[in-house]
Amino acid sequence: MRLLRIMPILVVLLGVSVAGCADESSPPATDVQRDLDTLVGAARAGGAALVVKGAGPELRVTSGVADKSTGAPMRSDQQVRIGSVTKSFTAALVLSLVRDGRVDLDAPAERYVPELVSAGSEPAPTVRQVLQHTSGLPECTTSRAIMQSGSGGTEQFTPERILQIAMQSPRQFRPGEQMKYTNTNYIVAGLIASRVSGVPVSRLLQQRIAEPLGLRNTYLPEPGERMIRGPHPTGYWIGPDGVDTALSDTETSAMGAAGGIVSTPDDLIAFFDALRDGTVLDAATSAQLHSAVPMGGRPGLTYGLGLMHATFGCGVQFWGHAGDVPGYTALAGSTSDGRGVALTITGAVDHDSDMLSVVDRAVCAQKAS
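The rules behind these values
- Residues numbered from 1 in each chain as written.
- Predicted model: local features only at pLDDT ≥ 70, side-chain atom pairs only at ≥ 80, totals over all residues.
- Heavy atoms only, no water.
- Helix = DSSP H or I, 4+ residues; strand = E, 2+ residues; numbered from the N terminus.
- Buried < 20%, exposed > 50% of the residue type's maximum accessible area, 1.4 Å probe, protein only.
- 1 Å grid on protein atoms, 1.4 Å probe; cavity = no way out; pocket = protein on both sides within 12 Å on 5 of 7 lines; lining within 4 Å.
- Points joined across faces, edges and corners; volume = space filled by probe spheres on them.
- Nonpolar A, V, L, I, M, F, W, Y, C, P; charged D, E, K, R; others polar.
- Axes fitted to C-alpha atoms, helices over the stretch in contact; angles between N-to-C directions.
- Parallel < 35°, antiparallel > 145°, perpendicular 65-115°, else oblique.
- Left-handed = near helix turned anticlockwise from the far one by under 90°.
- Contact = heavy atoms within 4.5 Å.
- pLDDT = per-residue confidence, 0-100.
- Expected span 1.5 Å × (residues − 1).
- Pairing = 2+ DSSP bridges.

What to know about the environment of Ala189
Part 1 of the reasoning: Along the chain, Ala189 turns up in helix H6 (residues 184-197).
Part 2 of the reasoning: By relative accessible area, Ala189 is classed as buried at 0%.
Part 3 of the reasoning: Put simply, Ala189 and Val94 are 95 residues apart on the chain and 7.0 Å apart in space, counted from C-alpha to C-alpha.

A closer look at the layout of surface pockets
Empty space among the atoms becomes apparent when a probe as large as a water molecule is rolled across them.
Part 1 of the reasoning: Within this model, the second largest pocket holds a volume of roughly 360 Å³.
Part 2 of the reasoning: Taken together, 23 residues make up the lining of the second largest pocket; nearest its centre are Pro159, Val201, Leu220, Gly256 and Ala257.
Part 3 of the reasoning: Of all the elements in the fold, those that place two or more residues in the lining of the second largest pocket are helix H5 (159-166), H6, helix H7 (201-213) and helix H8 (256-259).
Part 4 of the reasoning: Class assignment for the residues of the lining of the second largest pocket results in 13 nonpolar, seven polar and three charged.

A look at the packing of helix H2 (residues 86-99) against helix H9 (residues 265-277)
The packing of two helices is summarised by the inter-axis angle and the distance between the axes.
Part 1 of the reasoning: Interhelical geometry of H2 versus H9 gives an angle of 40° and a closest axis separation of 12 Å. Taken together, H2 and H9 sit at an angle that is classed as oblique. You can see that H2 and H9 cross each other, and the crossing is left-handed. Listed contacts from H9 to Ser88, Phe89 and Ala92 of H2 are Leu268, Phe271, Phe272 and Leu275.
Part 2 of the reasoning: Of the residues assigned to the contact of H2 with H9, the class counts are six nonpolar, one polar and no charged.

Re the confidence of the model for the chain
Part 1 of the reasoning: Model confidence for the chain is summarised by a mean pLDDT of 87, while 89% of its residues fall at 70 or above.
Part 2 of the reasoning: Here residues 2-26 is a poorly scored stretch, pLDDT under 50, and it has 104 contacts once near neighbours within four places are set aside; other chains count.

What about H2?
The α-helix winds at 3.6 residues per turn, so residues separated by three or four positions along the chain end up facing the same way.
Part 1 of the reasoning: The first and last C-alpha atoms of H2 sit 20 Å apart over 14 residues, in line with the 20 Å expected at 1.5 Å per residue.
Part 2 of the reasoning: Burial within H2 is extensive, with 13 of its 14 residues counted as buried.
Part 3 of the reasoning: Immediately beyond the C-terminal end of H2, within one or two residues, lies Gly101, with a positive phi of roughly 80°.

Focus: the pairing of strand E10 (residues 308-311)
Part 1 of the reasoning: Note: strand E9 (residues 302-303) against E10, two bridges, orientation antiparallel. Bridge pairing links Thr302 to His309 in E10.
Part 2 of the reasoning: Connecting E9 to the antiparallel partner E10 that follows it, the hairpin turn spans four residues, and Gly306 within it adopts a positive phi of roughly 80°.
Part 3 of the reasoning: As judged from the four bridges shared by E10 and strand E11 (residues 317-325), these two strands associate in the antiparallel manner. Bridging from a neighbouring strand, Met308 pairs with Gly320 of E11.

What follows is the structure in structure tokens.
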């Protein structure tokens, strides 16, 4: 559920498809294949899939296998857990309520979540600060129980309980003093969305995003729903003992609105394209979404409200998010020149920058071709 980390990797080449291109050995496909193979090997993952759509020929590249025990080939159209890419969906849900006049971005978040009542004279974080990770709230994933739930455990959590656990720790800093990526912020954001709308985040996601956009493979699992609903590659997790463990079925209620969503590369691209094109939010609200601050400790990256921003080597602007949960890693977003991109890996990647570099090279090579 951390912001994710990305890097080079290496394995068996299993498939490259470039829609509209007859020669599969031509760039950018071969370069992307090499990057994916390196990424998979370094992560000891099962496989990886990269999809780039729009502003040119569609690019689909896969590496590795969907299941190490059967050798089934990796595919780019199956459901995966997307980890913290969930935060972009949650931010969009909160911003849709801002658009409707039901949430005030600059109001204290405790207006909607009274459990956040600040101690003493310390100022309360605003909704904007919660969405932008400048709230100073403590990190919930320092709890062993929460972490164990996300790595194969069965214990179920409500967002209220997660927040209660988090608030037992001191705040990290005064609201607005700095930016520090913290999962608790999006547990709070989910509570804001559900309490203001009167429906659970899982249903609100369907009502306001998935159904209107036709995202048939995107959903937030219900508590106790450990199995991925549709066809999916097996996720792999390297445990403390260094042994690869197959991990697809897991309890995601401890991740919730911060990291629990299941989706596919095509659905992710459709969502981020809709954010860019104004289908999900109006222009004024979308401008709030893209108002960014520097990301602490990540040179060259800025963060809006649930969106990470980077400038690729060819000058293209990228807005999206990265995320991981045990077994799966994902990076998805849209570009300023009209493309959507999604990269999914069935394993853990060590550095954000490596995964982002793979996407950077794929997008820029396709632009140049």
